[in-house]
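In case you want the letters, here they are:
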Amino acid sequence: MSDLVWNETAIRRAMQLYFIMGSNNCSKAPLHVLNEAIEGGITMFQFREKGSGALKGDGKTKLAYQMREMCRRHGVPFIVNDDVDLALAIDADGVHVGQKDEAAAAVRLRIGSRLLGVSAYNREEAEAAIRCGADYVGVGPLFATKTKEDAKAASGLHVLAELREAGITIPIVGIGGITAANAGEVIRFGADGVSVITAISLAEQPAAAVRELRQAVLAGKS
Ligand SMILES: Cc1ncc(COP(=O)(O)OP(=O)(O)O)c(N)n1
Ligand SMILES: Cc1ncsc1CCOP(=O)(O)O
Ligand SMILES: [Mg+2]
């Protein structure tokens, strides 16, 4: 069992640079990309194996397990997207679900004290996620993205400010079209961190891309 202890400070810290990836998001070997991203300083990782060309069955489980091992060796929290059975089978540190996935309240009951992340597009969805026991919400897509096949229209950054002005204090990570050029603004509008797929997974040098993103996040906090 993972020995990570989650309190709000630890969650906000883990949100800072949250890398998400599946094998179909990169052009180099996924384990190599993850290793580079860890070397660069990601603070959390989500295994998101879905979409065209995604691994299934044993291949998916094997890659998830190898990635979990790599993250655990380096103290990086490992989250599984959508697949609660897989998360439990490989002893992940948490699960992330969206509005069309298994209901967050049911997931909370199944995963106990593991981390629960829930996607929210607006205030209503964020408030419902909190009622269901979410530890953090992933808000977006903030900017246009080609990575998620069924993504909604980009909301823009104002949704982050709206959530904070409504008194929502839960850790928030922004998602969708985030790069080093806009990550600082995501933080300034109220997020605790940024979650990123292609800006790292398709970077020529993932470690350097992570460092640039972290600098932008730190600048947004200052
Ligand atoms: C951190 C984070 N935020 C949002 C999402 C999106 O989840 P969802 O809406 O369920 O879409 P899929 O990723 O499952 O396609 C996320 N994965 N992570
Ligand atoms: C999973 C997900 N949920 C909302 S946007 C998105 C994709 C983000 O990918 P990228 O960082 O490449 O825009
Ligand atoms: Mg989902």
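Refer to the preceding data block for the structure.
Residues numbered from 1 in each chain as written. Chains lettered and ligands numbered in written order. Predicted model: local features only at pLDDT ≥ 70, side-chain atom pairs only at ≥ 80, totals over all residues. Heavy atoms only, no water.

Observations concerning the side chain of Arg114
Our working definition: Secondary structure elements follow DSSP: runs of H or I no shorter than four residues count as helices, runs of E no shorter than two count as strands, and numbering proceeds from the N terminus. Here a polar contact means two N or O atoms within 3.5 Å. Within protein one must be a hydrogen donor candidate and the other an acceptor candidate, and residues neighboring in sequence count only if both atoms are side-chain atoms.
Tracing the backbone through its elements, the reader meets Arg114 in the loop between helix H5 (104–111) and strand E5 (115–120). For Arg114, the side chain forms a polar contact with the side chain of Asp91, separated by 2.7 Å.

Examining the site of ligand 1
Under the convention used in this document: Distances are taken per atom, and a residue is near a molecule or strand as soon as one of its heavy atoms is within 4 Å of it. Values of accessible area rely on a 1.4 Å probe in the Shrake-Rupley scheme; residue burial ignores everything except the protein chains shown. Grid points spaced at 1 Å over the protein atoms alone were grouped into cavities, where a 1.4 Å probe fits but cannot get out, and pockets, open sets with protein on both sides within 12 Å along at least five of seven lines, with lining residues defined by an atom within 4 Å of a point. By definition, a pocket or cavity contains a molecule when more than half of the molecule's atoms lie within 2 Å of the pocket's grid points. Throughout, the ten residues Ala, Val, Leu, Ile, Met, Phe, Trp, Tyr, Cys and Pro are labelled nonpolar, Asp, Glu, Lys and Arg are labelled charged, and all others, Gly among them, are labelled polar.
Near ligand 1 you find 16 residues, and of these Arg48, Lys50, Asp101, Ser119 and Lys148 are the closest. Residue Ser119 places a side-chain N or O atom 2.8 Å away from an oxygen atom belonging to ligand 1. Summarising the interface, the protein chains cover 91% of the accessible area of ligand 1, which totals 430 Å² for the free molecule. Structurally, ligand 1 is housed in the largest pocket. Elements represented by at least two residues in the shell around ligand 1 include exactly strand E1 (17–21) and strand E7 (172–175). In terms of residue class, the shell around ligand 1 is built from four nonpolar, seven polar and five charged.

Concerning the layout of surface pockets
Rules: Grid points are joined across faces, edges and corners, and a volume is the space filled by probe spheres set on the points.
In this structure, the largest pocket occupies an estimated 1,000 Å³ of space. For the largest pocket, the lining is made up of 45 residues, of which Arg48, Lys148, Asp150, Ala151 and Ile175 are closest to its centre. Those elements giving two or more residues to the lining of the largest pocket turn out to be E1, strand E4 (94–97), E5, strand E6 (136–139), E7, strand E8 (193–196) and helix H9 (198–201). Here the lining of the largest pocket is composed, by residue class, of 15 nonpolar, 19 polar and eleven charged. Roughly 160 Å³ of internal volume is contained in the second largest pocket. What lines the second largest pocket is simply Leu4, Val5, Trp6, Ala10, Arg13, Ala14, Thr43, Gly75 and Pro77. Residues that form the lining of the second largest pocket fall into these classes: six nonpolar, two polar and one charged.

Looking at the side chain of Glu125
Here is the rule we go by: Burial classes: relative accessible area under 20% of the type maximum marks a residue as buried, over 50% as exposed, and values in between as partly exposed (1.4 Å probe, protein chains only).
Mapped onto the secondary structure, Glu125 falls in helix H6 (residues 123–131). Look at Glu125 and you get buried, because its relative accessible area is 17%.

A look at the pairing of E1
The side chains of a regular strand alternate, first on one face of the sheet and then on the other. Condition: Two strands are said to pair when DSSP picks up at least two bridges between them. When the strands point away from the viewer and the connection leading from the first strand across the helix to the second strand turns clockwise, the crossover is called right-handed.
Counting buried positions along E1 yields five of five residues, so the element is predominantly enclosed. On E1, burial covers both faces: Leu17, Phe19 and Met21 on one face and Tyr18 and Ile20 on the other are all buried. Pairing geometry for E1 and E8, over three bridges, is parallel. Within E8, the residue paired with Leu17 across the bridge is Val194. Of the strand pairs in this sheet, E1 and strand E2 (residues 44–47) are connected by four bridges, and their pairing is parallel. Along E2, the bridge assignment pairs Phe19 with Phe45. Handedness of the E1-helix H2 (residues 30–40)-E2 crossover: right-handed.

With respect to the packing of aromatic side chains
The criterion, for reference: Side-chain rings of Phe, Tyr and Trp, where Trp is taken by its six-membered ring, are said to pair if the distance between their centres is within 6.5 Å; with planes under 30 degrees apart they count as stacked, over 60 as edge-to-face, and otherwise as tilted.
Evaluation of the coordinates by the stated rule reveals four aromatic pairs. Here the aromatic rings of Tyr18 and Tyr136 are separated by 5.9 Å at their centres, their planes lie at 75 degrees, and the arrangement is edge-to-face. Of the two residues, Tyr18 is situated in strand E1 and Tyr136 in strand E6; the sequence distance between them amounts to 118 residues. Considered together, Tyr18 and Tyr136 belong to a single accessibility category, that of buried residues. Ring centres of Phe19 and Phe45 lie 5.6 Å apart, and the angle between their planes is 55 degrees; on these two criteria the pair is classed as tilted. With Phe19 in strand E1 and Phe45 in strand E2, the pair connects residues that are 26 residues apart, well separated along the chain. With a relative accessible area of 0%, Phe19 lands in the buried category. Assessed through its relative accessible area of 0%, Phe45 is described here as buried.

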